[in-house]
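Descriptive structure summary
If you want the building blocks of each chain, they are given just below.
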Amino acid sequence: AEIPQRIAAVPIVGGLSPALARRFQELTTCLLEGFVAFPINLGRFSGYGRALRAKRELSVLIRELLAHPEGKERSVVGDLAATSADSAAFSEAEIMDTVITLIFAGQATTSEVLPPLVYELATRPDWARRIAAEPYRFEQVEGDGTTVRFVREVLRHYPPEVLIQRQRRTCPLSLGEHGTVPAGYNIMVNFGDAMWRMGKDFNPDRWDHDTTRDLCLSFGGSTPHSCVGRGIAMLELQLFARILCREYDVQVVDATWARNWQYGGLLFGFKDGLRLKVFKKQAQD
């Protein structure tokens, strides 16, 4: 989990000193642990309480970043605080909520996708060579290159969000010819089924413009509720893939697939994590 944590933090806190950036990462870990903890506030003696304390300290760090113009220019926080021709600057509370959302999208989601991404890259050398040939510089977050197609296909086979639960609290929700969901009832959306029904083959070239627009549901896709952190997650995954393919050789040691009992056995994952051997490539003269 440390790799996606460090990747997610860089664009958010680019203007902080190294010591404060490390503290930011520690606080985000507390936030993530508090997200799945039982909601009892016992201060530092409970995961939920530590998350609340971490959120308060994060607010202090964000205010410190906003107070230094040179730091604002190199961070997501600075971008959110800037006034544009189309909209006003975010308030401190809005910046805080957005940063937390980006943390979850950039760390939690990326943590789920990195093991299968590494596995597929390690077992598909032809694709790895094509990805290694692409530059580190991005003209678009989701363009039409080899890396983005490969990442989309990995997300199709291993969607980070298979089931998403929502609740319609205020009024009934019409599903057209499929009926109506009464107010107060839970709605369970199955993203995984739509992805898996496209077939068992691994074919990144399937992701042309039309397919991506209509069927790429991993972060909400073309639905009205597309994930606000989709861009940063896709950028992280592509950059990681290019660095891995260009600078390292990877061998899979153990890729046993098993039920993930952390989620009640409903989902599957690599048993005890994906075990690898990683070698730094020799520099070419």
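None of the values given here were measured: they were computed from a predicted structure.

Some details on the environment of Ala-241
Relative to the helices and strands, Ala-241 is located in helix α11 (residues 230–247). Note: C-alpha distance between Ala-241 and Ala-132 (109 residues apart in sequence) is 8.1 Å. Ignoring anything within four residues of it in the chain, the contact list for Ala-241 reads Leu-117, Leu-121, Ile-131 and Thr-147.

Considerations on the pattern of salt bridges
Counted by the stated rule, this structure contains 13 salt bridges. Of the charged contacts, one joins Glu-57 and Arg-23 as a salt bridge, the two residues approaching to 2.8 Å between their closest N and O atoms. Highlighted residues: Glu-57 in helix α3 (residues 47–66) and Arg-23 in helix α2 (residues 18–35), separated in sequence by 34 residues. Given a relative accessible area of 29%, Glu-57 falls into the partly exposed group. Here Arg-23 falls in the partly exposed class, since its relative accessible area comes to 31%. Here Asp-201 ties to Arg-206 by a salt bridge, and the two come within 3.0 Å at their closest N and O atoms. For Asp-201, a relative accessible area of 42% gives the class partly exposed. Classification of Arg-206 as buried rests on a relative accessible area of 15%. Where salt bridges share partners, they join Glu-153, Arg-156, Asp-201 and Arg-206 into one cluster.

Considerations on the packing of aromatic side chains
One pass over the structure, following the stated rule, counts five aromatic pairs. On the basis of an interplanar angle of 50° and a centroid distance of 5.6 Å, the ring pair of Tyr-119 and Phe-270 is categorised as tilted. Placement of the pair is Tyr-119 in helix α6 (residues 92–122) and Phe-270 in strand β7 (residues 267–270), with a sequence separation of 151 residues. When the centroid spacing of 6.1 Å and the interplanar angle of 50° are considered together, the rings of Trp-127 and Phe-150 count as tilted. Of this pair, Trp-127 sits in helix α7 (residues 125–132) while Phe-150 sits in helix α8 (residues 146–157), and the two are 23 residues apart along the sequence. Of the two residues examined, Trp-127 and Phe-150, each falls in the buried class. Through successive ring pairs, a cluster of aromatic residues spans Tyr-119, Tyr-158, Trp-257 and Phe-270.

With respect to the confidence of the model for the chain
On average, residues of the chain carry a pLDDT of 80, and 79% of them reach 70 or more. Within the chain, α7 carries the highest mean pLDDT (97), whereas helix α4 (residues 69–72) carries the lowest (54).

Cut-offs used in this document
- Residues numbered from 1 in each chain as written.
- Predicted model: local features only at pLDDT ≥ 70, side-chain atom pairs only at ≥ 80, totals over all residues.
- Heavy atoms only, no water.
- Helix = DSSP H or I, 4+ residues; strand = E, 2+ residues; numbered from the N terminus.
- Contact = heavy atoms within 4.5 Å.
- Salt bridge = Lys/Arg side-chain N within 4 Å of Asp/Glu carboxyl O.
- Buried < 20%, exposed > 50% of the residue type's maximum accessible area, 1.4 Å probe, protein only.
- Phe/Tyr/Trp six-rings, centres within 6.5 Å; stacked < 30°, edge-to-face > 60°.
- pLDDT = per-residue confidence, 0-100.

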